[in-house]
Amino acid sequence: QWYQRRVRALSAGEEYLIVGCQDGTLHVYNKQGILALPVLNVGAGIVKSVVNGNFVVVVTNTPTLSIWDVAGKKNVLKDESLASFLSEKQSISSLEISKEGNVTIGLSNHTSYCYSFSLCAWMMIGHHQLDASWYKELQTNKHNTSSPQVLTPLLPSHPPSSHSSLPPESLHLNTLLMLEQHILVAENLDSLPESRLWLSSLVRYMTIQQEEDRLHSLLQRLISSTNRTLYGEDKLVVLKELLKIVATNVNCQRVYSDLKQQLEWAQSMR
């Protein structure tokens, strides 16, 4: 009986109540107050737990993370180590799991990670050393409701620190790399609409920053691809929308003119 133990983690969802104890026992109850799973011992003291839909995630003091599918009565992820990014100076500030089973961890230094089941590794999805304009893009994408989103609800809601010790050039490079990372993470999560969304964000950021060479290289690579589709849509249609973004900055007209000609030629060849 868990009330006779030292409870360290308590969480409730629409379907289940989760009780995690210091002695490593995990108790999962349904809405009727009946155990939905046998009482489990995860092998170490439980310090955090979260439930969403049928998925339960717990963090232990070793530190490791495990996930269970309660409805399927099976373990999804077992004792995934968190030691590489947790320390006395860096702790977990947030723990979330989506109804699809995608888990994300937010750290006290404002860095965030999402777990990839296919790659069996953590993917960085948030960083505190970024250009502040990236935060505007993040919020724009979070409130875009035109398509189902997997990645954006997991992303951190706090703005980057305005007191960064890094020079503007480093913040700029970090932001480019993080936007590219979001595209790859969305691909890994099989969210093609979000891949397009973050591709647009990357092009918009490059356009605002007048990154002509990088912008031209990116669009040239996309238009030269032999694939007729790009993230589930007609490639030429997607490129036409991206060029509209480039056209908003008169200082990027060289890129716009060159790629517009190539796009018109590609359309004529169909």
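Refer to the structure presented above.
None of these values were measured; they are calculated from a predicted model.

A.B. asks: Before we go on, may I ask you to explain the sheet that holds strand β2 (residues 16-21) in this structure?
C.D. replies: Two orientations exist for strands paired in a sheet by backbone hydrogen bonds: parallel and antiparallel. Read from one edge to the other, the open sheet built from four strands follows the order β1-β2-β3-β4, with strand pairing classed as antiparallel. Looking at which strands have only one partner, the edges of the open sheet turn out to be β1 (7-12) and β4 (40-41). Bridge analysis of strand β3 (residues 25-30) against β4 gives two bridges, and the strand direction is antiparallel. When the sheet's bridge partners are listed, T25 is paired in β4 with N41.

A.B. asks: Can you help me understand the nonpolar core in this one?
C.D. replies: Generally speaking, nonpolar side chains in soluble globular proteins are found buried as a group. Counting 28 residues, the largest nonpolar core has L199, V203, L215, L219, L222, L239 and L242 as the members making the most contacts within it. The set of elements that each furnish at least two residues to this core consists of α2 (168-188), α3 (192-208), α4 (212-224), α5 (235-246) and α6 (253-268). The element best represented in this core is α5, accounting for seven residues. Once you skip the residues sitting within four places of it in the chain, V203 turns out to touch L215, L218, L219, L242, I245 and V246. One finds F55, I67, V103 and I105 within the second-largest nonpolar core, a separate group that totals 19 residues.

A.B. asks: So what exactly am I meant to see when it comes to α6 here?
C.D. replies: Because an α-helix packs 3.6 residues into every turn, residues spaced three or four apart end up facing the same way. Here α6 spans 22 Å end to end across 16 residues, near enough to the 22 Å set by a 1.5 Å rise per residue. For α6, every residue scored as buried is listed here: V255, L259, L263 and A266. The arc that holds every buried residue of α6, seen down its axis, measures 60 degrees, which confines them to one face. Relative to its buried face, α6 has exposed residues pointing more than 90 degrees away, namely Q261, W265 and S268. Looking at the buried residues of α6, the elements they touch are α4 and α5.

A.B. asks: Can you help me understand the side chain of D69 in this one?
C.D. replies: Within the element layout of this structure, D69 appears in strand β7 (residues 64-69). Comment: no salt bridge for buried D69; closest opposite-charge side chain is K74, at 4.7 Å. For D69, the side chain forms a polar contact with the main-chain nitrogen of G72, separated by 3.0 Å.

A.B. asks: Teacher, can you tell me more about the pattern of salt bridges here?
C.D. replies: Side chains bearing opposite charge may pair, as long as their charged atoms lie close to each other. In the structure shown here, the tally under the stated rule is nine salt bridges. Taking the shortest distance from any N to any O, the salt bridge between K99 and E14 comes out at 3.9 Å. Taken together, the residues K99 in the loop between β9 (92-97) and β10 (103-107) and E14 in the loop between β1 and β2 connect sequence positions 85 residues apart. The exposed category is assigned to E14, whose relative accessible area is 60%. With its nearest N and O atoms 3.0 Å apart, the salt bridge here joins R214 to E211. Assessed through its relative accessible area of 37%, R214 is described here as partly exposed. Through salt bridges with shared partners, a single network forms among E212, D213 and R254.

A.B. asks: Looking at this structure, I do not really get the packing of α4 against α6. What am I missing?
C.D. replies: α6 packs onto α4 with a crossing angle of 10 degrees between their chain directions and a minimal axis gap of 10 Å. What the angle tells us is that α4 and α6 run roughly parallel. Contacts between α4 and α6 involve E212, D213, L215, H216, L219, Q220 and I223 from the first element and R254, V255, D258, L259, Q262 and L263 from the second.

A.B. asks: I tried to follow α2 on my own but got confused; where do I start?
C.D. replies: Compared with an ideal rise of 1.5 Å per residue, which puts 21 residues at 30 Å, α2 spans 30 Å between its outermost C-alpha atoms and is within 8% of the ideal. Just downstream of α2 lies D190, where phi reads positive at about 60 degrees.

Conventions used here
- Each chain carries its own residue numbering, running from 1 in the written order of its sequence.
- Only residues with pLDDT of at least 70 get local features here, since the model is predicted, and only at 80 or more are side-chain atom pairs given and counted; chain-wide, interface and lining totals rely on the full set of residues.
- Side-chain metrics rest on all non-hydrogen atoms present in the structure, leaving aside hydrogens and water.
- Note on pairing: two strands pair once DSSP finds at least 2 bridges between them.
- Secondary structure elements follow DSSP: runs of H or I of four or more residues count as helices, runs of E of two or more count as strands, with numbering from the N terminus.
- Nonpolar cores are built from buried Ala, Val, Leu, Ile, Met, Phe, Trp, Tyr and Cys residues. Side-chain atoms within 4.5 Å join them into one set.
- Each residue is assigned to one of three classes by its accessible area relative to the maximum for its type, calculated with a 1.4 Å probe on protein chains only: buried under 20%, partly exposed between the two thresholds, exposed over 50%.
- Only heavy atoms matter for contacts: two residues are in contact if any of them lie within 4.5 Å across the pair.
- In this analysis, the expected span of each helix is defined as 1.5 Å times one less than the number of residues it contains.
- Relevant arc is that of directions from the helix axis to the C-beta atoms, nothing else.
- When charges are counted, neither His nor the chain ends are considered; positive counts come from Lys and Arg and negative counts from Asp and Glu.
- A carboxyl oxygen of Asp or Glu within 4 Å of a side-chain nitrogen of Lys or Arg is what we treat as a salt bridge.
- Within 3.5 Å is the distance limit for a polar contact, defined as a pair of N or O atoms, with the added protein rule that one can donate a hydrogen and the other accept it, and that residues adjacent in sequence qualify only through two side-chain atoms.
- Working convention: axes come from line fits to C-alpha atoms, limited for helices to the stretch in contact. Angles between N-to-C directions cover 0 to 180 degrees.
- Any angle that is under 35 degrees is reported as roughly parallel, and any over 145 degrees as roughly antiparallel; angles of 65 to 115 degrees are reported as roughly perpendicular and all others as oblique.

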